[in-house]
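Fold and geometry: a report
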Amino acid sequence: MEHLNYAIESARSRGLLGKNIFGSGFDFDISLIEGAGAFVCGAETALISSIEGNPGWPTPRPPYPSEEGLYGKPTCINNVETWANIPIIIKNGGFKFAEAGTEKSPGTKVFSLVGKIKNTGLVELPLGTPIKKLVYDIGGGSGTNKKIKAVQTGGPSGGCIPAKEFDTPIDYESLSDVGSIMGSGGVVVMDEDNCMVDVAHYFTEFTTSESCGKCVPCREGMNQILDMLAKIKSGQGEMILLEKLEKLSDVIRDTALCGLGQTGPNPAMTTIRYFMDEYEEHIKEGYCDAGVCEELFSAPCENSCPLLMNIPAYLELFLSGRLEDAFEEIIRYNPLPSTIGRICHFHCKTRCLREDIDAPVAQGEVHRFIADRIYEEGLLDSFAERIKKRSLKKTGKKVAIIGSGPAGLTAGFYLSLVGHGVTVYDKKPEVGGILRWGIPAYRLPREVLKREVDFIEKIGVKFRLGWDVSSRDLKEFKKEYDALIIATGAYTSNSLNIPGEDASGVISGSSYLERVAAGEKIQIGKNVLVVGGGNVAIDAARTLLREDCSVTVLYRRSRDQMPANLTEIEDAEAEKVKFIFWRAPSEILADESGHIKAIKVKITEPGDFDLSGRRSPQDTGTEETIECDTLISAIGESVDKEFLIESGFELNKWGNVEADKFTLKSREKVFSAGDVVTGPGTAVQAMAQGKRAAAAVDRELGGHWSLNEVFREIKYDNKVPLTAAEEGPAKIKKLGVKERVNSFSEISMGLTESQAITECRRCLRCDVKETSEI
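Residues numbered from 1 in each chain as written. Predicted model: local features only at pLDDT ≥ 70, side-chain atom pairs only at ≥ 80, totals over all residues. Heavy atoms only, no water.

The next thing to look at is the overall build of the chain. A count of helical and extended segments in the chain gives 30 helices and 21 strands. Considering only C-alpha atoms, the chain reaches an extent of 100 × 70 × 55 Å along its principal axes. Split into buried and exposed, the 774 residues of the chain put 51% on the buried side. A sequence separation of at least 24 residues applies to 66% of the contacts in the chain between residues at least 6 apart. (Helix = DSSP H or I, 4+ residues; strand = E, 2+ residues; numbered from the N terminus. Buried < 20%, exposed > 50% of the residue type's maximum accessible area, 1.4 Å probe, protein only. Contact = heavy atoms within 4.5 Å.)

Have a look at this one:
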């Protein structure tokens, strides 16, 4: 106000405002009226009422302000941004102004770009610019490794637009089509750490508080929407609330007096429209994937773990010297702690608040240490006996599980504990699935997996190996067993789909790793190319190094876009695996005998951002030929569609088994779990699916999923340390590069006992909520 008043007085003193300006006979003046800052005064009739000295309440239209406005006179009412365009239009003409923008939305617009975005600030763009360009090209994306989930446009009463709709042009008509508004030009960017139920509640709370209260639909209706969102957010909602929300929102939109009420339901409606899965998770499971709704979990690390492990509990128990109690607390959620402690992506670290001080707590490394110590001290057999004795009474029900990977093992473990007879079938001669046949021994020693499989077998799970289950077998199994779980994983390698792929010397990554794990001697050349950027590609490359090969990895994007674990990439680089980025295979060249001799690749460069937020490889028009005598293709895996189709399973558009999201039931008596449902994921994600399927099967067979009757309620201290431990993160010892490239010995030595204790001390105990416990 101070600056505006100064500018107006300066203009008036120079004769630019007032009566008879420069003797022209033209009168024009400006006066400022300071309002109370009410959001509802964004509605033109409410603003007029406020200027007149009355409450800022909107009035019905007609009459419109152009007919009867301020003080009952015809009024032209527009915001400052509109007036700022007038001199340009007068100077250059309307046609020139309309050259920017679209036919129906001409000109430019200033946007305020804020939120989870690298480059924040004000941006002026032609209307019709895609959201994708604003967010990624100009905003620079999230600036972190977190994926952008959505944007909200138009201010607090705007709609939330998901990333899959980022091709939408930013103009009045297109934004309306996707449920949002242009509004003030605000653009709030949200990433995977934003809960869309919470977002809807947050903005609805604001619009509700800013309602003037004049009309019933807005005053009462928005409060009802806020109340329903609060129930869902706290895990107290029911699915019927979503139907009520939609009906009430339609009424409010149609009957509210002004734009605030008419657009107020937008955040709720668009999040329900585009993020229904998050609402269902809150309602059906009391789960907030983003880790925002604190009523639904105890600590961020626990919530981000797919197995929902009570991480603070085992950290505190181990710190208190209670090794076996800590192990039981781990096994309650994770029957493969030593295995997973070696290979996990450690989802728990992604939301550890200790990172704000120095680095996340090594939660997974700690449970690896605890499990290893139990095994080393010979305590596993006695522990297995105690757990088996606590298992529920035998139900007489029988369950067959097809596949002994992480999903199958987990499902079998828990179903056995709750009293069902479990038989796991697998076509391989040893149990473990991808854990045994896909992960190299230098990451996961065979004996580590075997002792955990033996533990599961001691609990009561039976294994039938060397059995390649057919569709005919499944029909017989349905007669013999009360329920089936399909957990066959995703082991079929995707094709490169380029000429010459049938040449000898071209091997799929998953096949190569499987054959090495079986001890097969494979004829491999000395100059090997690996195509791909995931864990299979990196595992294959590092295994080839140990076979005394020169290895180069080709990837079609940049290093930071590789989906493999960063630690595995760094280890591969340390071991002198070579990498070439921005290369896309186009043809495999073979010699006269039909054996590969080289590969043609297109040289690419970063192109436009795609809807995943990554730059798509763009062909530069140039090619190069790279010589090699073996090529490992590792561009992804998929499920065995032939077996599934023959067995009568319905597949979704990605080729995975169609199953209910919450029960994982595929058809009568048949459930599916793991990669066969989700596509390739992490081992711990597959385990979470296995546990979910086990719970659903138990309930289907008349059980109550009573794990609390099997595992003890273990008490531990719930106190927050007065000061955070000053020690930084532990540096885990690894085998030296020269030692490891010549053998398959385990690389990571894990934590020492003192390091494990220190990591437990570094925990900030985010799970403690009550101040009385401090």
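Still to come is the rest of the account.
This part covers the sheet that holds strand 20 (residues 665-667). Sheet strands pair via backbone hydrogen bonds, and the direction of the pair is either parallel or antiparallel. Strand order across the open sheet formed by 6 strands is 8-7-6-9-21-20, with mixed pairing between neighbours. On the outer flanks of this sheet lie strand 8 (462-465) and strand 20, each paired with one strand and no other. Ignoring strand direction, the axes of neighbouring strands in this sheet form an average angle of 25 degrees. By the bridge criterion, 4 bridges tie strand 7 (residues 421-426) to strand 8 in an arrangement that is parallel. By the bridge assignment, Y425 is partnered in strand 8 with R464. (Pairing = 2+ DSSP bridges. Axes fitted to C-alpha atoms, helices over the stretch in contact; angles between N-to-C directions.)

The next subject is a nonpolar patch on the surface. Among the surface-exposed residues, M1, L4, F26, F28, I30 and L32 lie close enough to one another that they form a single nonpolar patch of about 550 Å² accessible area. Summarising the element assignment, F28 is placed in the loop between helix 1 (2-13) and helix 2 (44-51). Note on F28: relative accessible area 43%, which makes it partly exposed. (Patch = residues over 30% accessible without salt bridge, like charges linked within 9 Å, V, L, I, M, F, W, Y side chains within 5 Å. Areas by Shrake-Rupley, 256 points an atom, 1.4 Å probe, with all protein chains shown as cover. Salt bridge = Lys/Arg side-chain N within 4 Å of Asp/Glu carboxyl O.)

Attention now goes to unusual backbone geometry. With omega at 0 degrees, the peptide bond leading from R61 into P62 counts as cis. With respect to the element layout, P62 can be found in the loop between helix 2 and helix 3 (80-92). For the bond from P62 to P63, the omega torsion is 0 degrees, close enough to zero to count as cis. Tracing the backbone through its elements, the reader meets P63 in the loop between helix 2 and helix 3. In the Ramachandran plot, Y71 falls in the positive-phi region, its phi being about 55 degrees despite a non-glycine side chain. With respect to the secondary-structure elements, Y71 resides in the loop between helix 2 and helix 3. On the basis of relative accessibility, which here comes to 55%, the residue Y71 falls in the exposed class.

A complete count under the given rule lists 0 disulfides for this structure. Distance from the sulfur of C258, which forms no disulfide, to the nearest cysteine sulfur (C212) is 6.1 Å. Distance from the sulfur of C763, which forms no disulfide, to the nearest cysteine sulfur (C301) is 6.3 Å. (Disulfide = S-S within 2.5 Å.)

We now examine the packing of aromatic side chains. Counted under the stated rule, the structure contains 19 aromatic pairs. With centroids separated by 6.3 Å and ring planes inclined at 35 degrees, the aromatic side chains of Y442 and F744 adopt a geometry described as tilted. Taken together, the residues span a long stretch of sequence, with Y442 in the loop between helix 20 (434-437) and helix 21 (446-459) and F744 in the loop between helix 29 (737-740) and helix 30 (753-762) at a distance of 302 residues. A relative accessible area of 29% means that F744 is categorised as partly exposed. An aromatic cluster of at least three residues, connected via ring pairs, comprises F327, Y375, F383, F413, Y414, F455 and W705. Here the guanidinium or amino end of K398 rests over the ring plane of Y481, the centre of that ring lying 5.2 Å away. Positioned over the ring face of Y442 is R546, at 4.1 Å from the centre of the ring. (Phe/Tyr/Trp six-rings, centres within 6.5 Å; stacked < 30°, edge-to-face > 60°. Lys NZ or Arg CZ within 6 Å of the ring centre and 35° of its normal.)

The end-to-end C-alpha distance of helix 9 (residues 240-255) is 23 Å, a good match for the 22 Å that 16 residues give at a rise of 1.5 Å each. Looking only at helix 9, the buried set comprises L241, L242, L245, S249 and I252. Considered in projection along helix 9, the buried side chains sweep an arc of 95 degrees and stay on one side of the axis. Residues of helix 9 that are exposed and point more than 90 degrees away from the buried face comprise K247 and D254. (Expected span 1.5 Å × (residues − 1). Arc of directions from axis to C-beta.)

Pairing between side chains of opposite charge can happen when the charged atoms of each approach one another. Taken as a whole and assessed by the stated rule, the structure comprises 59 salt bridges. Here the residues in one salt-bridge network are R443, D539, R542, R546, E568, D571, E575, K734 and R740, joined through shared partners.

On to the sheet that holds strand 14 (residues 578-581). The 5 strands are arranged 11-18-12-13-14 in an open sheet whose pairing can be described as parallel. Of all strands in the sheet, those bounded by a partner on one side alone are strand 11 (506-508) and strand 14. Across the sheet, the mean angle from the axis of one strand to that of its neighbour is 25 degrees, orientation sign disregarded. Two strands pair when backbone bridges link them, and strand 13 (residues 550-555) and strand 14 are joined in this way by 4 bridges, in the parallel orientation. Of the residues in strand 14, the one forming a bridge with V553 is F579. Relative to strand 11, helix 23 (residues 509-517) is tilted by about 80 degrees, and along the sheet it contacts strand 11 and strand 18 (630-633).

So, on to the environment of D250. Along the chain, the position of D250 falls in helix 9. Among the residues examined, D250 registers a relative accessible area of 41% and is labelled partly exposed. Spatially, the C-alpha atom of D250 lies 53 Å from that of Y425, the residues being 175 residues apart in sequence.

A separate point is the side chain of T263. Relative to the helices and strands, T263 resides in helix 10 (residues 259-263). Among the polar contacts made by the side chain of T263, one reaches the side chain of S157 at a distance of 2.9 Å. A distance of 2.6 Å separates the side chain of T263 from the backbone oxygen of G259, its partner in a polar contact. Setting aside anything within four residues of it in sequence, one finds T263 in contact with S157 and I181. (Polar contact = N/O pair within 3.5 Å; in protein donor to acceptor, adjacent residues only side chain to side chain.)

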